[in-house]
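Examining the three-dimensional arrangement
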Amino acid sequence: MIKRLSSVVFALFIVIACMSPVVFAKGEKDYSHLKGTTLNVYNWGEYISDGQDGSLDVNKAFEEKYGIKVNYTNYESNENMYNKLKSGGANYDLVIPSDYMIAKLVEEEMLAELNFENIPNYKYILDEYKGLYYDPDNKYTVTYTVGMVGLIYNTTMVEGSPDSWGVLWDEKYEGKILMFNNPRDAFGIAQLYLGQSINNSDIKQWDEAIAVLKKQNPLVASYVMDEVYNKMESGDAALAPYYAGDFLTMYDVNPDLAFVYPKEGVNFFVDAMCIPKNAENKEAAELYINFMCEEEIAVANANYICYASPHKLVLESDDYDLKGNPILYPEKEDMPKTEMFENLDYETQQYMTTLWNELKIEGNTNLDVYIGLSVTVVLVVAYLLYKFIKKKKREAYY
């Protein structure tokens, strides 16, 4: 009787195990029902290990493990990402914005709350990167990378070792200076240079910041985002403010480059994985977040993109090539003054956008204007000629 009962219990156990979404042997859920679905991931450019230079292709590894297709596209700035989400022109299941933009998305109720039962690897994220101001209750985000903005310069083109943002206003480098092509970072540098907070809402201070950006404008060769790689690696430009992790990537190509955190202070940022509220494959997105937090995957990403990691196992891993790197992980005595971007109030955001558009319009050269006018004239003449010929053909027909 006991043996028969044991057999029945065992059989029931097998049935329950087969029907349950939990695979007991692996200790994780069964996601086979997601096989054949598509996950739409929207991320920064150059921001994931993608198989180049012998690296692990993270998206391919995810697809092979779970049978879920990853539709992976890039954006160049938080603002571009926000505008795409806001317009509703496309649906994404996962995005990786920065701190201040996350705060904006939360405020506008554009993010879904995460089900952390699907993200058990969240436990590996260091406590110092949980409960941050943009997500104090840990509802919406899992930190992906952290870092600081600094100054990249070409040692063969720049005199000495600059230690101030002021070098970006030095006239002897006219035509060799690059600047961020997004308003928050560009204004942030001007504000730090002026000794202001990068989160102030004082209109007078914003006017002072746009004044120095306009003064800088004639010296700037290009306003850039991902284009900075080619221009600095090739020696086409001498100076560029950019993210510390990206400097390390550029340095591998061009060892004449150097990096410094200016004395006026720098922006400290956190980028985190989030799920938009209108995501069509939320469960797969949570699975992807958990996958990104697996040790092997997190180490591969950290090695490839060269940003500082918030992941406990990465920092402990012998396979992490950048462990203790002084640019990513400065000693306490070398740590620059830092300030995180916060979400500005609506009026300040609007004023910043107005000033930025004004700067970019004034930045057009006369040659640009002449080219634009010439193209317009050609189009008008072509249209008039087309109408004339069409009229003649009609007259000939009749």
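Everything quoted here is computed from the prediction, not taken from an experiment.

Things to note about the environment of Asn40
Turning to its location among the elements, Asn40 is positioned in strand β3 (residues 38–44). Those residues in contact with Asn40, other than ones at most four positions away along the chain, are Asn71, Asn91, Tyr92, Asp93 and Leu94.

Here we look at the sheet that holds strand β5 (residues 94–95)
Spatially, β4-β3-β5 is the arrangement adopted by the three strands of the open sheet, whose pairing is parallel. This sheet does not close on itself; its edge strands, each paired only once, are β4 (69–75) and β5. With two bridges joining them, β3 and β5 adopt parallel strand pairing. Residue pairing for β5: Tyr42 is matched across the bridge by Val95.

Considerations on the environment of Leu239
Looking at where Leu239 falls in the secondary structure, it is placed in strand β9 (residues 239–243). Assessed through its relative accessible area of 0%, Leu239 is described here as buried. Along the primary structure Leu239 and Val158 are separated by 81 residues, whereas in three dimensions their C-alpha atoms are 7.9 Å apart. Not counting residues within four places of it along the chain, the set of residues in contact with Leu239 comprises Leu151, Ile152, Tyr153, Val158, Val167, Leu168, Tyr173, Lys176, Ile177, Leu178 and Met232.

Things to note about helix α9 (residues 282–292)
The buried fraction of α9 amounts to nine of the eleven residues, a majority that puts the element mostly inside the structure. Taken as a whole, α9 has its buried residues at Ala284, Ala285, Glu286, Leu287, Tyr288, Ile289, Asn290, Phe291 and Met292.

Concerning the pairing of strand β10 (residues 257–260)
By the alternation rule, side chains of β10 split into Leu257 and Phe259 and Ala258 and Val260, which are all buried. Across four bridges, the pairing between strand β6 (residues 142–154) and β10 is antiparallel. Looking at the pairing, Asn154 lines up with Leu257 of β10.

Remarks on a negative patch on the surface
Taken together, the side chains of Glu295, Glu296, Asp319 and Asp321 define an acidic patch exposed on the protein surface. Its place among the elements puts Glu296 in helix α10 (residues 295–305). Judged by its relative accessible area of 59%, Glu296 is exposed.

Here we look at α10
Counting buried residues in α10 gives eight out of eleven residues, a clear majority hidden from the surface. Within α10 the residues assigned to the buried category are Ile297, Ala298, Val299, Ala300, Asn301, Ala302, Tyr304 and Ile305. Looking at the buried side of α10, the elements it contacts are α2 (58–66), β6, α8 (244–253), α9 and α11 (312–316). Downstream of α10 by a residue or two, Cys306 has a phi angle that is positive, lying close to 65 degrees.

Remarks on unusual backbone geometry
The backbone of Glu46 shows a phi angle near 60 degrees, a positive value even though the residue is not glycine. Take Glu46: it is sitting in the loop between β3 and α2. With phi around 55 degrees, Glu109 is a residue other than glycine that occupies positive phi space. Along the chain, Glu109 turns up in the loop between α4 (99–107) and β6. Classification of Glu109 by relative accessible area gives exposed; the value is 58%.

Regarding the packing of aromatic side chains
As enumerated under the stated definition, the model contains 27 aromatic pairs in all. Residues Phe180 and Tyr243 carry aromatic rings whose centres are separated by 5.4 Å and whose planes lie at 50 degrees to one another, so their mutual orientation is tilted. Taken together, the residues span a long stretch of sequence, with Phe180 in strand β7 (residues 177–180) and Tyr243 in strand β9 at a distance of 63 residues. Using a relative accessible area of 0% as the deciding quantity, one classes Phe180 as buried. On the basis of relative accessibility, which here comes to 8%, the residue Tyr243 falls in the buried class. Summarising the aromatic geometry, the rings of Tyr223 and Trp356 are spaced 6.0 Å apart at their centres and angled 85 degrees between planes, so their arrangement reads as edge-to-face. With Tyr223 in strand β8 (residues 220–224) and Trp356 in helix α12 (residues 346–362), this pair connects stretches of sequence that are 133 residues apart. Relative accessible area serves as the criterion here: at 15%, Tyr223 is assigned to the buried category. Under the relative-accessibility criterion, Trp356 is labelled buried at 8%. Here the aromatic residues Tyr47, Tyr144, Phe180, Tyr242, Tyr243, Phe269 and Tyr307 are joined through ring pairs into a cluster of three or more.

Here's the deal with the packing of helix α3 (residues 78–87) against α4
Packing of α3 against α4 brings their axes to within 10 Å, and their N-to-C directions diverge by 20 degrees. Classed by the angle they form, the pair α3 and α4 counts as roughly parallel. Two packed elements cross with a definite hand, and for α3 against α4 that hand is right-handed. Two secondary-structure elements touch here, α3 through Asn78, Glu79, Met81, Tyr82 and Leu85 and α4 through Tyr100, Met101, Lys104 and Leu105. Each residue belonging to the contact of α3 with α4 can be placed in one class, and the counts come to six nonpolar, one polar and two charged.

Notes on the side chain of Ser164
Considering the arrangement of structural elements, one finds Ser164 in the loop between β6 and β7. When sequence neighbours within four positions are dropped, the list of residues in contact with Ser164 reads Leu151, Tyr193, Pro262, Lys263 and Glu264.

Parameters at a glance
- Residues numbered from 1 in each chain as written.
- Predicted model: local features only at pLDDT ≥ 70, side-chain atom pairs only at ≥ 80, totals over all residues.
- Heavy atoms only, no water.
- Helix = DSSP H or I, 4+ residues; strand = E, 2+ residues; numbered from the N terminus.
- Contact = heavy atoms within 4.5 Å.
- Pairing = 2+ DSSP bridges.
- Buried < 20%, exposed > 50% of the residue type's maximum accessible area, 1.4 Å probe, protein only.
- Patch = residues over 30% accessible without salt bridge, like charges linked within 9 Å, V, L, I, M, F, W, Y side chains within 5 Å.
- Areas by Shrake-Rupley, 256 points an atom, 1.4 Å probe, with all protein chains shown as cover.
- Salt bridge = Lys/Arg side-chain N within 4 Å of Asp/Glu carboxyl O.
- Lys, Arg positive; Asp, Glu negative; His and termini not counted.
- Charge placed at Lys NZ, Arg CZ, Asp CG, Glu CD.
- Phe/Tyr/Trp six-rings, centres within 6.5 Å; stacked < 30°, edge-to-face > 60°.
- Axes fitted to C-alpha atoms, helices over the stretch in contact; angles between N-to-C directions.
- Parallel < 35°, antiparallel > 145°, perpendicular 65-115°, else oblique.
- Left-handed = near helix turned anticlockwise from the far one by under 90°.
- Nonpolar A, V, L, I, M, F, W, Y, C, P; charged D, E, K, R; others polar.

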